[in-house]
Amino acid sequence: MTPVKEGNLITALDIGSSKISALIVEKRADNVLQVLGSGQRESLGVRRGYLFDMESTEKAVREAVEQAERIAGTNIESVWVSFSAGGLISDLSSTEVALNGQRIEEIHMETLLATGRDAIDPDGHMVLHAQPALYTLDGLKGVKSPIGLYADRLGVDIHVIAAEPSPVRNLELAVRSAHLEVQAIVAAPIAAGMSCLFAEERELGVALVELGAGVTNVSLFAGGLLVGLTSIPMGASDITDDIAAAFGTRRSDAERLKCFYGSAQSSPRDNHEMIDVAPIANDEDVIDPQRISRAQLIGVIRKRLDHWMDHIADALKSLGYNGPVGRQVVLTGGGAELKGIADYAQGVLGRSVRIGRPHGLVGLPDAHSGPAFATLTGLVLHAASEPFDLRPLSYNNRIGSQKSFMGSFKRLFQMFRREY
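Residues numbered from 1 in each chain as written. Predicted model: local features only at pLDDT ≥ 70, side-chain atom pairs only at ≥ 80, totals over all residues. Heavy atoms only, no water.

**What about the overall build of the chain?**
Each helix and strand counted, the chain has 11 helices and 18 strands in total. Looking at the chain as a whole, 50% of its 420 residues qualify as buried. Taking the intrachain contacts of the chain between residues at least 6 apart in sequence as the baseline, contacts between residues at least 24 apart amount to 69%. With the model as given, the accessible surface of the chain reaches about 20,100 Å², and the carbon-plus-sulfur share is 50%. (Helix = DSSP H or I, 4+ residues; strand = E, 2+ residues; numbered from the N terminus. Buried < 20%, exposed > 50% of the residue type's maximum accessible area, 1.4 Å probe, protein only. Contact = heavy atoms within 4.5 Å. Areas by Shrake-Rupley, 256 points an atom, 1.4 Å probe, with all protein chains shown as cover.)

**Notes on empty space enclosed by the protein**
For the coordinates displayed, the defined rule picks out one cavity of 30 Å³ or more. Estimated volume of the largest cavity: approximately 70 Å³. What lines the largest cavity is Ile-15, Val-46, Gly-49, Tyr-50, Leu-51, Ser-82, Phe-83, Ser-84, Pro-167 and Leu-171. Elements with a contribution of two residues or more to the lining of the largest cavity: β5 (50-51), β6 (78-83) and α3 (165-177). Broken down by class, the residue content of the lining of the largest cavity amounts to seven nonpolar, three polar and no charged. (1 Å grid on protein atoms, 1.4 Å probe; cavity = no way out; pocket = protein on both sides within 12 Å on 5 of 7 lines; lining within 4 Å. Points joined across faces, edges and corners; volume = space filled by probe spheres on them. Nonpolar A, V, L, I, M, F, W, Y, C, P; charged D, E, K, R; others polar.)

**What to know about helix α7 (residues 251-261)**
When we look at burial in α7, the residues that qualify are Ala-254, Leu-257 and Lys-258. Projected down its long axis, α7 shows its buried positions confined to an angular sector of 95°, all on one face. α7 presents Ser-252 and Phe-260 as exposed residues on the side facing more than 90 degrees away from its buried surface. (Arc of directions from axis to C-beta.)

**Remarks on the packing of aromatic side chains**
What the rule picks out here adds up to zero aromatic pairs. Lys-19 extends its terminal NZ or CZ atom over the ring of Phe-373, reaching a point 4.9 Å from the ring centre. In this structure, Arg-47 packs its charged tip against the face of Phe-52, placed 4.2 Å from the ring centre. (Phe/Tyr/Trp six-rings, centres within 6.5 Å; stacked < 30°, edge-to-face > 60°. Lys NZ or Arg CZ within 6 Å of the ring centre and 35° of its normal.)

**A closer look at the packing of helix α1 (residues 54-72) against α3**
At a minimum axis distance of 8 Å, the contact between α1 and α3 shows a crossing angle of 55°. In this view, α1 runs oblique relative to α3, as classed from their interaxial angle. In this structure, α1 meets α3 at a crossing whose hand is right-handed. Listed contacts from α3 to Met-54, Thr-57 and Glu-58 of α1 are Asn-170, Leu-173, Ala-174 and Ser-177. Among the residues making up the contact of α1 with α3, the classes are represented as three nonpolar, three polar and one charged. (Axes fitted to C-alpha atoms, helices over the stretch in contact; angles between N-to-C directions. Parallel < 35°, antiparallel > 145°, perpendicular 65-115°, else oblique. Left-handed = near helix turned anticlockwise from the far one by under 90°.)

**Observations regarding the sheet that holds strand β7 (residues 89-98)**
Taken in spatial order, the four strands line up as β7-β10-β8-β9 in an open sheet, and their pairing is antiparallel. With one partner strand each, in any of the chains shown, β7 and β9 (140-143) form the two edges of the open sheet. Sheet twist, expressed as the average angle between the axes of neighbouring strands with direction ignored, equals 35°. Bridge count for strand β8 (residues 126-137) against β9 is two bridges, and the pairing is antiparallel. Bridging across to β9, Leu-137 finds its partner in Leu-140. Lying over the sheet, helix α2 (residues 106-119) contacts β7, β8 and β10 (153-163), oriented at roughly 135° with respect to β7. (Pairing = 2+ DSSP bridges.)

**Regarding the sheet that holds strand β14 (residues 225-232)**
The strand order β14-β13-β12-β17-β18 describes an open sheet built from five strands, whose pairing is mixed. The sheet terminates laterally at β14 and β18 (352-355), the two strands that pair on one side only. For this sheet, the mean angle separating the axes of adjacent strands, direction not counted, is 20°. With respect to the sheet, helix α4 (residues 188-196) is in contact with β12 (206-211), β13 (216-222), β14, β17 (328-332) and β18, its orientation differing from that of β12 by roughly 110°. The sheet contacts of helix α9 (residues 341-349) involve β12, β17 and β18, and relative to β18 the element is tilted by about 160°.

**Some thoughts on the pattern of salt bridges**
Oppositely charged side chains can pair when the atoms bearing their charge come close. Using the criterion set out here, one finds 14 salt bridges in the structure. Between Arg-48 and Asp-238 there is a salt bridge, with the nearest N and O atoms lying 2.9 Å from each other. Pair noted here: Arg-48 is in the loop between β4 (46-47) and β5 and Asp-238 is in helix α6 (residues 236-247), with a separation of 190 residues, a long-range link. Accessibility expressed as a relative area gives 28% for Arg-48, which makes it partly exposed. Two residues, Arg-291 and Asp-276, come together in a salt bridge whose shortest N-O distance is 2.8 Å. Residue Arg-291 is located in strand β16 (residues 290-293), and its partner Asp-276 is located in strand β15 (residues 274-277); the two are separated by 15 residues in the primary sequence. Members of the salt-bridge network, linked through shared partners, are Arg-41, Lys-59 and Glu-63. (Salt bridge = Lys/Arg side-chain N within 4 Å of Asp/Glu carboxyl O.)

**Describing the side chain of Ser-93**
Tracing the backbone shows Ser-93 in strand β7. The contact partners of Ser-93, leaving out residues within four places of it in the chain, are Ala-119, Ile-120, Val-156, Asp-157, Ile-158 and Val-160.

**As for the environment of Ile-158**
Tracing the backbone through its elements, the reader meets Ile-158 in strand β10. Measuring from C-alpha to C-alpha, the distance between Ile-158 and Asp-389 comes to 9.6 Å, with 231 residues separating the pair along the chain. Excluding residues that lie within four positions of it along the chain, Ile-158 makes contacts with Asp-91, Leu-92, Ser-93, Gly-116, Arg-117, Ile-120, Ala-130, Gln-131, Pro-132 and Leu-390.

**As for the nonpolar core**
Core analysis: the biggest nonpolar cluster contains 60 residues, and Leu-13, Ile-15, Val-81, Phe-83 and Leu-361 have the highest contact counts within it. For this core, the element with the highest residue contribution is helix α10 (residues 374-384), accounting for seven residues. Residues within four places of Leu-13 in sequence aside, it is in contact with Ile-20, Ser-21, Ala-22, Val-61, Val-65, Val-79, Trp-80, Val-81, Ser-82, Val-175, Leu-376 and Leu-379. (Core = buried A, V, L, I, M, F, W, Y, C linked by side-chain atoms within 4.5 Å.)

**Quick look at the packing of helix α8 (residues 294-318) against α9**
Axes are the key here: two packed helices are described by the angle between their axes and the distance separating the axes. The geometry of α8 relative to α9 is characterised by a closest axis approach of 10 Å and an angle of 55° between their N-to-C directions. Judged on the interaxial angle alone, α9 and α8 are oblique. Considering how the two elements wind past one another, α8 and α9 form a crossing that is right-handed. Residues Arg-302, Leu-305, Asp-306, Met-309, Ala-313 and Leu-316 of α8 form the contact with α9, whose participating residues are Ile-341, Tyr-344, Ala-345, Val-348 and Leu-349.

All we've got here are geometric facts, nothing functional implied.
This is how it looks when you write it as structure tokens:
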């Protein structure tokens, strides 16, 4: 293992309801983001985005990161982690300072942002992001760079994203238990938006719908910012469970049926295409597989999809995404890999729909180039953008750097013991 070059490597860790995946990327001198290694393990300790089994999650995190390290030929100490559970809130906190006609200099900006940090009221939530958005000069909104201008009053809108504290702390504990320092915990919609939305889309207005395994996050972007979000406790794993229950098969076989034969769209020939379904049976039992038509399988999928899409339509309406501006919807996440889902969603929602796939990284493996890995790659892009954040450092973050060296040493020792 070669030593980590500080500032050159970015490691992303996406902890989802179905999989835990890691990605190690090098930020080259020409700002190209080159993928060095990736790893993935099944997620057995997370449900609906919430961690419920610490030991299983910690083990999967450790193994996914170690797999990525072996491929990359290096070891890492800190990771950028996604948070995809429900309960996220998005808000703008505004603050203003008097300048009395002075020319704006760095000291005025520092005073304004310090005032803005003090004005953030999390109301019992844990702040994940607090980033200055646009500035206001004497009531004129939308100023990007006010330094050098004259004004009587200078204001700023601070974009705040917060979450319930307990799920965030559980997530951080699982990563630290794997002897990794948490560089930052990033809201999944922020990461996914960086990965599969284009800058112009984020400026003009777009809805991003992350069809995860256990949670669906519906987010609105406008003016380059995430301006609204809501979560639905429903995901692609519900389709898998419906198939397993309808045809009496195991979840693993139901997932295979969904991926290989499932679709959101039906056709007349589906009635004639027959599929073997393995039953749930003991080893002593000898039961012939039942045969179903592809039309029956799609019927089960469509029933759940109709229910799912109704909730998504209600979420878009509650966020105010309608009228002339509510035209574009981007689907991403593992559920977006279902055949025909873009055309189906376009018909149900009455909006233009496309599938959002990750972009912006060089050397991304084919297995990680689909919408299921939008959040993972978005974490890298978010980290590479070096976002400025007004959140004060917590006690846990301050002590994390002190533990990182010992954490790395412990993980290397554990790997040595397993291999030798």
